[in-house]
Number of protein chains: 2
Amino acid sequence: MQLDTTVDLSSYIIAPDPQAPRLTRSVEGVDQNGQPTEISVVEERPLTIFLNGQEIVTAMTIGDYPEYLALGFLRNQGMLRPDETVHRVDYDEDLETVVVRTDGQTTYEEKLKKKTRTSGCAVGTVFGDMMEGLEQVTLPDLQVKTSDLYALASTINRTPSLYLEAGAIHGTVLCKDHLPLVYMEDVGRHNAVDKIAGWMFSDGVSPDDKVLYTTGRLTSEMVIKTALMGIPVLASRSGFTAWGVEIARQVGLTLIGRMRGQRFVCLSGEDRLLRDADPSAVPDDDKKHRRKGAPT
Amino acid sequence: MQLDTTVDLSSYIIAPDPQAPRLTRSVEGVDQNGQPTEISVVEERPLTIFLNGQEIVTAMTIGDYPEYLALGFLRNQGMLRPDETVHRVDYDEDLETVVVRTDGQTTYEEKLKKKTRTSGCAVGTVFGDMMEGLEQVTLPDLQVKTSDLYALASTINRTPSLYLEAGAIHGTVLCKDHLPLVYMEDVGRHNAVDKIAGWMFSDGVSPDDKVLYTTGRLTSEMVIKTALMGIPVLASRSGFTAWGVEIARQVGLTLIGRMRGQRFVCLSGEDRLLRDADPSAVPDDDKKHRRKGAPT
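Residues numbered from 1 in each chain as written. Chains lettered and ligands numbered in written order. Predicted model: local features only at pLDDT ≥ 70, side-chain atom pairs only at ≥ 80, totals over all residues. Heavy atoms only, no water.

## Focus: the pattern of salt bridges
Selection rule: In what follows, salt bridge is the name for a side-chain nitrogen of Lys or Arg lying within 4 Å of a carboxyl oxygen of Asp or Glu. Any residue under 20% of the maximum accessible area for its type is buried, any over 50% is exposed, and the rest in between are partly exposed; the area is computed with a 1.4 Å probe on protein chains only.
Scanning the entire structure with this criterion turns up 28 salt bridges over all chains. Across the pair arginine 81 of chain B and aspartate 83 of chain B runs a salt bridge whose closest N-O atoms are separated by 3.1 Å. Classification of aspartate 83 of chain B as exposed rests on a relative accessible area of 57%. In this structure, glutamate 84 of chain B engages arginine 81 of chain B in a salt bridge whose closest nitrogen and oxygen atoms are separated by 3.5 Å. For glutamate 84 of chain B, a relative accessible area of 7% translates into the label buried. Look at the salt bridges and you will find they share partners, linking Lys176, Asp177, Asp209 and Lys210 of chain A into a network.

So this is what it looks like as structure tokens:
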């Protein structure tokens, strides 16, 4: 992709791999003129996550980084404590399973009881669990330059991705200053966040100086996940929900949305922003890279 | 909204009500220039669904049509049989609960067991249940004029909606021929579909001659829900996933995606299309009404 030459990808520890054969498939169809056409579509496969002997969940995922997805899901659901010792993670591609093995007891039995009540939650997670522990959250001080936010949005939108290749996929990026570090994509919005959480958990990465950028909407669940991960800033090119804003204000999360070209709106945690950029100097979204109908 | 005057809404049995005070909230923030700004954001609230005495699920929803949401969710999860007699649906706004009361026994105990295993599924539903019954699905023959599809897309995109008002919301529309009938929106994509299923269930509406239009991606779950509802055609302006296409082909569902202006791709069930329209005569998406970053 010609984009490669126009954007600096050197800061990425993990970047999307749009050419990976396992993640997309070429499918034949017919276009509006009745002509045969072949388009690239993203894969979507079940992955069943086990915690020790216990089957926890079956997630629909694109299939990359299953170990990070499993660790991040269990961590974000509170089934793995921050200090939990994970001594093995076994992924079996044929069985489409990941088994996370910990030392000693975990809290999953108790969690599973709750899951029975809230399972099938329309926003795709165990909501009863998610609200838990929010009271204890204290997010770190961090000064975020608006010039860095503009630089991030520009780099991320121009980074070769499965979205640009095949569409119909969500993206979430862990960032520091003006540098994107880990860019995960998935058919399930929350999988992309969970994969980042799994990577942070296994590498012991601090959330204190990080910014989370997502292509998705800033719903209550996205805000809660980001806060529980300890990341003080959440930015998106998409919009807000009222409860997402409310929770962000409660926990003191900096919430920035509708970020397109020079425009953005900050609805919470304004105090973390250092307004060093001149918005009028920021170019509009490049048409070629504009995320039309971006998943949220 | 000036749109009102430019689009014929007479066919709608249920249309979005973007002015409904309970569905959006005006929130104050700061824009890119540091100026105070006020934007309209969609509400998002929990709704707990009971089937008789049993708590089934807590869904995050915008909050309109709770009765249809509850009925449609239970129906789409297979917890209500098509012939089930529902003798009361009680919604309590303060308690944020809906109780669906049926005559005699339902299958929910058995279903709940499955939910324990699959809850938290990353695409937001009880996947183990969803696959069930797909083998028995036989979708009706139906001839769909491409001229009707173009007319639907144009009318729907220009219909005053919460999306156009506040963004960050999903839309799904039940249609017949060139006429949109029921247009539901929700923060959870599946809620919009479930609300339509609930309306069809309670009014005994036949799916045989209907087309389902969604703003969202054509994932396996959307395809499965549409097929289980018995609707033969699913169209979207968004993209596909590989498994969504695979399942559509298995059950013989007509699957149309990437529908923008004159363009679309049909990846399954091409035989139902009657190509009576000249695509080159179809205008491009009107910039003002184009769904930028449409939720999927």
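The structure having been displayed, the exposition proceeds.
## Section: the nonpolar core
This is how it is decided: For the purposes of this section, nonpolar cores are sets of buried Ala, Val, Leu, Ile, Met, Phe, Trp, Tyr and Cys residues that join through side-chain atoms within 4.5 Å. The contact criterion used throughout is that any non-hydrogen atoms of two residues lie within 4.5 Å.
The biggest cluster of nonpolar side chains holds 39 residues, and the ones touching the most others in it are Phe240 and Leu255 of chain B. When residues no more than four places from it in sequence are discounted, the contact partners of phenylalanine 240 of chain B are Ile39, Val41, Val42 and Ala168 of chain A together with Leu218, Val245, Leu255, Ile256, Gly257, Arg258, Val265 and Leu267 of chain B. One finds Leu134, Ile196, Ala227 and Ala248 of chain A within the second-largest nonpolar core, a separate group that totals 38 residues.

## Observations concerning the packing of helix α8 (residues 220-228) of chain B against helix α9 (residues 242-251) of chain B
Residue and element names in this part refer to chain B. The criterion, for reference: Think of each axis as a best-fit line through the C-alpha atoms, taken over the contacting stretch in the case of a helix, with angles from 0 to 180 degrees between the N-to-C directions. Helix and strand definitions here come from DSSP, where helices need a minimum of 4 consecutive H or I residues and strands a minimum of 2 consecutive E residues; each element is numbered from the N-terminal end. Put simply, angles under 35 degrees are roughly parallel, angles over 145 are roughly antiparallel, angles from 65 to 115 are roughly perpendicular, and the rest are oblique. For any helix crossing, the convention is left-handed if the near helix is rotated counterclockwise from the far helix by under a right angle, and right-handed if that rotation is clockwise. Residue polarity follows a fixed list, in which Ala, Val, Leu, Ile, Met, Phe, Trp, Tyr, Cys and Pro are nonpolar, Asp, Glu, Lys and Arg are charged, and the others, Gly among them, are polar.
Direction vectors running N to C along α8 and α9 enclose 25 degrees, while the axes themselves pass 7 Å from each other. Taken together, the axes of α8 and α9 lie roughly parallel to each other. As for how α8 packs across α9, the hand of that crossing is right-handed. In this structure, α8 uses Ser220, Val223, Ile224 and Ala227 to contact α9, whose residues at the interface are Trp243, Gly244, Ile247, Ala248 and Val251. Partitioning the contact of α8 with α9 into residue classes produces seven nonpolar, two polar and no charged.

## Some words on helix α2 (residues 66-76) of chain B
Helical geometry note: an α-helix holds 3.6 residues per turn, so side chains three or four residues apart project in the same direction. Residues and elements named next belong to chain B. For α2, the tally of buried residues reaches nine of 11 residues, placing the bulk of the element in the interior. Within α2 the residues assigned to the buried category are Pro66, Tyr68, Leu69, Ala70, Leu71, Gly72, Phe73, Leu74 and Asn76. Directly beyond the C-terminal end of α2, a positive phi value near 75 degrees is found at glycine 78.

## Points about the sheet that holds strand β3 (residues 45-51) of chain A
Residue and element names in this part refer to chain A. Our working rule: At least two DSSP bridges between two strands are needed for those strands to be called paired.
The four strands lie next to each other as β4-β3-β6-β5, forming an open sheet whose pairing is mixed. Two strands bound the open sheet, and with one partner strand each, they are β4 (54-61) and β5 (86-92). Shown here is a sheet whose adjacent strand axes are inclined to one another by a mean of 20 degrees, direction ignored. The pairing of β3 with β4 spans seven bridges and is antiparallel. Following the sheet pairing, proline 46 is matched in β4 by methionine 60. Each of β3, β4, β5 and β6 (97-102) touches helix α1 (residues 66-76); the most contacted strand, β3, lies at about 55 degrees to it.

## What to know about the confidence of the model for chain A
All names here are of chain A. The cut-off we apply is this: Every residue gets a pLDDT, meaning the predictor's confidence in that residue, from 0 to 100.
Scored by pLDDT, chain A comes out at a mean of 87, with 86% of its residues at no less than 70. Low pLDDT, under 50, characterises residues 115-127; the stretch is placed with 59 contacts to residues that sit more than four places away or in other chains. In the predicted structure, residues 292-296 sits below a pLDDT of 50 and forms 34 contacts with residues beyond four places in sequence or in another chain. In the model output, the complex is listed with pTM 0.88 alongside ipTM 0.84.

## What to know about helix α4 (residues 146-158) of chain A
Heads up, the rule is: To estimate how far a helix should reach, multiply one less than its number of residues by 1.5 Å.
The end-to-end C-alpha distance of α4 of chain A, which contains 13 residues, comes to 19 Å, matching closely the 18 Å that a straight helix rising 1.5 Å per residue would cover. Residues Thr146, Asp148, Leu149, Tyr150, Leu152, Ala153, Thr155, Ile156 and Asn157 of chain A constitute the buried set of α4 of chain A.

## Here's the deal with unusual backbone geometry
In the Ramachandran plot, alanine 168 of chain A falls in the positive-phi region, its phi being about 55 degrees despite a non-glycine side chain. Mapped onto the elements, alanine 168 of chain A comes out in the loop between α5 (162-166) and β8 (170-176). Phi at tyrosine 65 of chain B is positive, roughly 50 degrees, even though this residue is not glycine. With respect to the secondary-structure elements, tyrosine 65 of chain B resides in the loop between β4 (54-61) and α2.

## Some words on the side chain of threonine 172 of chain A
On the secondary structure map, threonine 172 of chain A appears in strand β8. Beyond its immediate stretch of four places on either side in the chain, threonine 172 of chain A contacts Val182, Tyr183, Met184, Arg189, Ala192, Val193, Ile196, Leu212, Tyr213 and Thr214 of chain A.

## Quick notes on the packing of helix α7 (residues 189-203) of chain B against α8 of chain B
Residue and element names in this part refer to chain B. At a minimum axis distance of 11 Å, the contact between α7 and α8 shows a crossing angle of 5 degrees. Relative to α8, the element α7 lies roughly parallel. Across from Arg189, His190, Val193 and Asp194 in α7, the residues of α8 making contact are Glu221, Met222 and Lys225. Here the residues of the contact of α7 with α8 are counted per class, giving two nonpolar, one polar and four charged.

## Notes on the sheet that holds strand β11 (residues 233-236) of chain B
One open sheet accounts for eight strands, arranged β2(A)-β1(A)-β13(B)-β12(B)-β11(B)-β10(B)-β8(B)-β9(B); its pairing is mixed. Unpaired on one side and paired on the other, β2 (36-42) of chain A together with β9 (179-186) of chain B mark the two borders of the sheet. Averaged over all adjacent pairs, the angle separating strand axes in this sheet is 30 degrees, with direction ignored. The pairing of strand β1 (residues 24-31) of chain A with strand β13 (residues 263-268) of chain B spans two bridges and is antiparallel. In the sheet register, aspartate 31 of chain A faces β13 of chain B, and the bridge partner there is valine 265 of chain B.

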